[in-house]
Amino acid sequence: MAVHVGRGGGGPVLAVLCTAQFLVVANITLVTILLPALQRDLGFAGGGVQWVVSTYTLTFGCSLVIAGRLADLFGHRRVLGAGLCLFALGSLGCGLAGHPAVLLVSRGAQGLGAAAVAAAALALLIRQFTRDRPRALAWWSASQALGGASGWLLGGVLSEVVGWRGVFLGNAALALLCAVLSPLLMPVGSRSARRVDVAGGALITLAMFLLVLGLTEAADPRTGPALLAGGALALVGFALVERRATDPVVPLVALRSRSLVTGTAVIALINAITTPVLTLCALHLQGARGVGAAWSGALFVPFNLAVIAGSVLAARRVGGRRGVRLAVMAAAVGAIAAGAGVLVLLPSTGAFVVPVLVGFALLGLGGGSASVAANAEGTAGIAPGTADERGGVAGGLLNTATELGVALGMAVFVTVGTGQGGLRAALTAAAGTGLLIALGLLALARRQVPAAMAVDS
């Protein structure tokens, strides 16, 4: 059943999918704000409280690809419902936890559920929306970006109002609401006769786990390189197994899709820039400037509004030819680079509000536009009638790119920003990287023009 946004039930469907995506993404930054309270109340030793965030991101990031394949095999709505229930169960465990171990196990359950939700939600969006897919992708991308950015503000406010237990219990209630509504609004879909590639699934999960953990620990010369090498070897093993698999986890037709590869790469790169830049600025404001968590979070409001504006603007342009999508991505990444460049001008002392607001607005405008265009590019080759075969894999790959991009950017730019290079060096490097990516995308877009003219003639 394909629908249009705002017609025939499309609005409620989109609302549920966007809410689910917002929820799973927000639970990274949202919980980061809660770490001091968690350490105080549950008695985490030393830096162990950081694993409250790392456990979630690791289980989330390493399970996305296999979750996408399971969604294609067993039905997108079924996997979405199962993921929401598992996420709600994990949230309930977090809210009731009285010991660090219980909290970490529950966060792992949350991460596994989040992976199923993220992969299946994008696949359902691809299948449900036909002519209005760009607009649906705009709202979905905006909910994803807003989830990551608004967690800073929501975490600070909610922790003061309802406490950290109330935050987790609220997660459980919202996830259950989405789980109840999804079967009422979406068709169940059909099961595939294909089998699960157990060996391939195990290897890709292991590879993603080692790569994300390796990037997280990249600053440690004892463990970082070894973990990254292990992840690379697991990827090689995965590729060898997949070549001989009857029903591979990632079908070769997906890897041969130029649009999916391009969209996945751009998603990874923009997240490698925007998330570390925002994180560094938040650390600078709360540390060197002594800005409170709530006021620091309020400074993200322009970013959130700009994400929505950028998403809506991009949605009007990305439904046509590939060259247009590439041009939109180039302009959007250019805006991200400009935003990082403005933040380079952030003075060490004195007034800081204007450069922060302008820089965050440019980051949001570019991030929202780039996310919509990249997701549209990544799903361009999937027609509604074939979404059951490849939609979950595409959703898994695009979401995996987000997690790997964030991990890579944090390993590079945050390491520079918190080391001898300092904040200005990290922001300069981020701006320069964004500019190079924008120029590369612009060159690709210009190459598409002669090809389009040839097709028209």
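Note that this is a predicted model, so its numbers are computed, not measured.

Help me out: how do you make sense of the pattern of salt bridges in this one?
Here the idea is simple: oppositely charged side chains can pair when their charged atoms come close. All told, the structure shown has three salt bridges when counted by the stated rule. The partner of aspartate 41 in a salt bridge is arginine 40, and the shortest N-O contact between them spans 3.4 Å. Accessibility expressed as a relative area gives 62% for arginine 40, which makes it exposed. When the shortest N-O distance is used, the salt bridge between arginine 322 and glutamate 377 registers 2.6 Å.

What is the right way to read the nonpolar core from this model?
The nonpolar side chains of a soluble globular protein tend to be buried with one another. Counting 126 residues, the largest nonpolar core has Leu38, Leu80, Leu103, Val277 and Phe360 as its most contacted members. Element by element, the count of residues in this core is highest for helix H5 (residues 100-128), at 13 residues. Filtering out sequence-adjacent residues up to four positions away, leucine 103 remains in contact with Leu38, Leu42, Phe44, Val52, Cys94, Ala97 and Phe168. Residues Leu210, Leu213, Leu215 and Ala411 belong to the second largest nonpolar core, which totals eight residues.

What should I look at first to understand the packing of helix H4 (residues 76-96) against H5 in this one?
Helix packing geometry: the angle between the two helix axes and the distance between the axes. Where H4 meets H5, the axes come as close as 7 Å, and the angle between the chain directions of the two elements is 155 degrees. With respect to each other, H4 and H5 are oriented roughly antiparallel. Judged by the sense of rotation from one axis to the other, the crossing of H4 with H5 is left-handed. Tallied by class, the residues present in the contact of H4 with H5 amount to 17 nonpolar, eight polar and three charged.

Can you help me understand a nonpolar patch on the surface in this one?
A contiguous nonpolar patch, built from Leu174, Leu177, Val180, Leu181 and Leu184 and spanning about 440 Å² of accessible area, is present on the exposed surface. Checked against the element boundaries, valine 180 lands in helix H7 (residues 163-185).

How do you make sense of the side chain of asparagine 27 when you look at a structure like this?
As for its position among the elements, asparagine 27 is in helix H1 (residues 10-32). Relative accessible area serves as the criterion here: at 0%, asparagine 27 is assigned to the buried category. A polar side-chain atom of asparagine 27 sits 2.7 Å from a polar atom in the side chain of asparagine 171. For asparagine 27, the contacting residues outside a window of four places in its chain are Tyr56, Phe87, Arg107, Gln110 and Asn171.

Got a minute to help me understand H1 in this structure?
One turn of an α-helix holds 3.6 residues; hence residues three or four places apart share an orientation. Here H1 is 23 residues long and its end C-alpha atoms lie 34 Å apart, about the 33 Å a rise of 1.5 Å per residue gives. The largest bend in H1 comes to about 40 degrees, at alanine 26. The buried count for H1 comes to 17 of 23 residues, which makes it a mostly enclosed element.

What counts and what doesn't
Residues numbered from 1 in each chain as written. Predicted model: local features only at pLDDT ≥ 70, side-chain atom pairs only at ≥ 80, totals over all residues. Heavy atoms only, no water. Salt bridge = Lys/Arg side-chain N within 4 Å of Asp/Glu carboxyl O. Buried < 20%, exposed > 50% of the residue type's maximum accessible area, 1.4 Å probe, protein only. Core = buried A, V, L, I, M, F, W, Y, C linked by side-chain atoms within 4.5 Å. Helix = DSSP H or I, 4+ residues; strand = E, 2+ residues; numbered from the N terminus. Contact = heavy atoms within 4.5 Å. Axes fitted to C-alpha atoms, helices over the stretch in contact; angles between N-to-C directions. Parallel < 35°, antiparallel > 145°, perpendicular 65-115°, else oblique. Left-handed = near helix turned anticlockwise from the far one by under 90°. Nonpolar A, V, L, I, M, F, W, Y, C, P; charged D, E, K, R; others polar. Patch = residues over 30% accessible without salt bridge, like charges linked within 9 Å, V, L, I, M, F, W, Y side chains within 5 Å. Areas by Shrake-Rupley, 256 points an atom, 1.4 Å probe, with all protein chains shown as cover. Polar contact = N/O pair within 3.5 Å; in protein donor to acceptor, adjacent residues only side chain to side chain. Expected span 1.5 Å × (residues − 1). Bend = angle between axes of the 7 residues up to and from the residue.

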